[in-house]
Protein chains: 2
Amino acid sequence: MRDAYYEQLDTIVDDLVQLTGTVRKAVAASTAALLNADAPLAEQVIDGDKQIDETTEEIEERALLLLATQQPVATDLRQLVATLRMLTDLQRMGDLSVHVAKVARLRMPDVAVPVSIQPTIMAMASVADQMIHAASRIVANRDVDAASRLEDTDDEMDRLRKDLFRALLGGTWEHGIEPAIDLALLGRYYERIGDHAVSMARRVVYLVTGEIAPGA
Amino acid sequence: MRDAYYEQLDTIVDDLVQLTGTVRKAVAASTAALLNADAPLAEQVIDGDKQIDETTEEIEERALLLLATQQPVATDLRQLVATLRMLTDLQRMGDLSVHVAKVARLRMPDVAVPVSIQPTIMAMASVADQMIHAASRIVANRDVDAASRLEDTDDEMDRLRKDLFRALLGGTWEHGIEPAIDLALLGRYYERIGDHAVSMARRVVYLVTGEIAPGA
């Protein structure tokens with residue numbers, strides 16, 4: 001009975017890790033759609049979110065079934081509850097990639113991001129990508145040290161967001177209100193994607209050490 | 001044993017409803033701080049969020065303990081899992097009220113919102129307030145009909161957000177980039193507060209009817 005339980009739990013965690021990979025690809029694709037004004041790619045991200053939602057719900061159902069039938073306690077229980085939480089994080093990250101793709105779509109055939117700001121957006125997207133990848137490995141390997149490094153990467157995201165706002169508000173902005181608003185919201189979307197990666201990592205730290213990280 | 005279970009579950013749901021009231025007050029206070037450039041009130045919202053986080057964690061711990069010790073199945077299990085999800089919604093709504101208060105604080109002693117836009121922000125805040133109140137009653141009374149009315153209120157929030165963007169982008173905007181960015185983000189914060197209220201309501205619908213609402 002216990003063996004069957006751990007087997008099913010392992011499958012659930014494997015699927016969670018795989019879903020993290022899918023979400024990571026969606027975020028990368030939304031950035032590519034944004035920076036290249038690539039309409040088919042933007043549509044692919046927007047349509048693909050249904051699949052992320054369905055997979056999330058499917059894993060969630062299995063986790064609930066395992067909870068109901070095997071009635072785990074202590075760490076095993078916390079593992080399943082953490083899994084449910086991480087599924088919510090992943091679903092939100094998928095939604096945020098859709099928001100990025102929709103900003104891209106709204107401004108087509110133009111590129112929503114002015115050339116001078118593209119390096120900053122690329123850097124934010126790259127940090128988000130690293131953070132999702134790190135979260136995936138942290139979940140797969142219960143790697144608490146990597147979780148602490150992820151917090152440092154999040155500081156880099158904060159720094160980039162400040163750079164972005166300095167560019168928008170520094171007085172030399174010449175692209176008008178619309179791109180400024182797009183960029184403020186895009187900055188927020190990437191920042192939130194990073195926050196959800198941090199939240200996943202903190203759930204793992206809590207599982208392993210029993211300590212709640214501040215803000216987790 | 002079962003009686004004790006339902007007694008504890010009822011207390012948890014009562015506390016969740018009460019926490020919803022606390023979050024509702026925090027959102028209202030953040031709006032008042034924003035529209036009146038009220039520094040002490042903004043600080044109160046920012047500091048008060050710690051209390052919301054602590055209460056969330058405390059209820060969460062009790063829900064997990066009940067899960068572990070009483071090992072509920074079927075609807076009882078779903079009720080507890082839904083409670084955990086709703087706690088995450090409430091915690092996020094608290095965070096969003098802090099974001100509103102921080103925008104207010106950043107522009108003090110000025111009011112961050114230009115006079116011409118204040119009615120729209122007031123209307124968004126009022127819709128958010130109604131939505132949180134509705135969510136609270138839906139959770140307390142398992143009122144599925146009210147949940148469907150809440151979706152209509154959410155349409156009103158969407159309409160207001162479009163009004164806001166029309167004002168920012170309509171070509172007659174004369175307040176510059178900074179307030180435009182503040183307002184785009186504020187619009188997003190109120191919209192997300194509404195989304196979390198809808199998410200809470202959908203969790204209740206799922207509990208009662210067993211059907212997942214689209215996007216829940």
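Please refer to the structure placed before this passage.
Parameters and conventions
Residues numbered from 1 in each chain as written. Chains lettered and ligands numbered in written order. Predicted model: local features only at pLDDT ≥ 70, side-chain atom pairs only at ≥ 80, totals over all residues. Heavy atoms only, no water. Helix = DSSP H or I, 4+ residues; strand = E, 2+ residues; numbered from the N terminus. Rg over C-alpha atoms; globule rule 2.2 N^0.38 Å. Buried < 20%, exposed > 50% of the residue type's maximum accessible area, 1.4 Å probe, protein only. Contact = heavy atoms within 4.5 Å. Lys, Arg positive; Asp, Glu negative; His and termini not counted. Charge placed at Lys NZ, Arg CZ, Asp CG, Glu CD. Buried area = accessible area lost by both parts, 1.4 Å probe. Salt bridge = Lys/Arg side-chain N within 4 Å of Asp/Glu carboxyl O. Polar contact = N/O pair within 3.5 Å; in protein donor to acceptor, adjacent residues only side chain to side chain. Nonpolar A, V, L, I, M, F, W, Y, C, P; charged D, E, K, R; others polar. Axes fitted to C-alpha atoms, helices over the stretch in contact; angles between N-to-C directions. Parallel < 35°, antiparallel > 145°, perpendicular 65-115°, else oblique. Left-handed = near helix turned anticlockwise from the far one by under 90°. Least-squares fit on C-alpha atoms with pLDDT ≥ 70 in both. Expected span 1.5 Å × (residues − 1).

Visitor: Could you clarify how one ought to interpret the overall build of chain A in this entry?
Guide: When you go through chain A residue by residue, the secondary structure sums to 6 helices and 0 strands. For chain A, the N- to C-terminal ordering of α and β elements is α-α-α-α-α-α. A compact globule built from 216 residues would reach a C-alpha radius of gyration of about 17 Å, and chain A, at 19 Å, matches this within 12%. The buried share of chain A, taken over its 216 residues, is 55%. Intrachain contacts of chain A at a sequence separation of at least 6 include 83% that bridge at least 24 residues. Side chains of chain A carry 22 positive and 35 negative charges; the gap between the two charge centres is 3 Å.

Visitor: Honestly, the interface of chain B and chain A in this entry has me stumped. Any pointers?
Guide: Accessible area lost upon the coming together of the parts serves often as the stated size of an interface. Chain B puts 38 residues into the contact, and the matching count from chain A is 38 residues. Approximately 3,100 Å² of surface area, both sides summed, lies buried where chain B meets chain A, with 59% of it carried by carbon and sulfur atoms. At the boundary of chain B with chain A, the tally comes to 6 salt bridges. When the shortest N-O distance is used, the salt bridge between Arg78(B) and Glu61(A) registers 3.3 Å. The interface formed by chain B and chain A holds 9 residue pairs in polar contact (both at pLDDT 80 or more) in total. Elements that contribute at least two residues to the side of chain B that touches chain A include exactly α2 (39–70), α3 (74–107), α5 (144–169) and α6 (177–209) of chain B. When residues in the side of chain B that touches chain A are grouped by element, the largest group, 11 residues, is from α6(B). A per-class count over the side of chain B that touches chain A returns 22 nonpolar, 5 polar and 11 charged.

Visitor: Is there a simple way to think about the packing of helix α4 (residues 118–141) of chain A against helix α6 (residues 177–209) of chain A in this case?
Guide: Each pair of packed helices can be described by the angle between their axes along with the distance between the axes. Residues and elements named next belong to chain A. Packing of α4 against α6 leaves a shortest axis separation of 9 Å and a crossing angle of 15 degrees. On the basis of their axis angle, the class for α4 and α6 is roughly parallel. In the crossing of α4 with α6, the sense of the turn from one axis to the other is left-handed. On α6, the residues touching Ile-121, Met-124, Ala-125, Ala-128, Met-131, Ile-132, Ala-135, Ile-138 and Val-139 of α4 are Leu-183, Leu-186, Gly-187, Tyr-190, Ile-193, Gly-194, Ala-197, Val-198, Met-200, Ala-201 and Val-204. Partitioning the contact of α4 with α6 into residue classes produces 18 nonpolar, 2 polar and no charged.

Visitor: What exactly am I supposed to notice about the environment of Val23(A) here?
Guide: Here Val23(A) shows up in helix α1 (residues 2–36). For the pair Val23(A) and Ala33(A), spaced 10 residues apart in sequence, the C-alpha to C-alpha distance is 15 Å.

Visitor: What exactly am I supposed to notice about the relation of the copies chain B and chain A here?
Guide: The operation relating the two chain copies consists of a rotation about an axis and a shift along that axis. Between chain B and chain A, which share one sequence, the superposing operator has a rotation angle of 180 degrees and an axial displacement of 0.0 Å; the RMSD is 0.0 Å. The transformation just described matches what one would write down for a two-fold rotation axis.

Visitor: Where do I start with the environment of Ala125(B) in this structure?
Guide: Residue and element names in this part refer to chain B. Its location among the elements puts Ala-125 in helix α4 (residues 118–141). Ala-125 gets classed as buried once you look at its relative accessible area, which sits at 9%. Placed 65 residues apart in sequence, Ala-125 and Tyr-190 show a C-alpha to C-alpha distance of 6.6 Å.

Visitor: Just checking my understanding: could you explain α3(B) for this structure?
Guide: What sets the pattern is the α-helix's 3.6 residues per turn: residues three or four places apart point alike. Helix length check: α3(B), at 34 residues, gives a terminal C-alpha distance of 51 Å against a target of 50 Å (1.5 Å per residue), a fit within 8%. With 25 of 34 residues buried, α3(B) lies mostly within the body of the structure.

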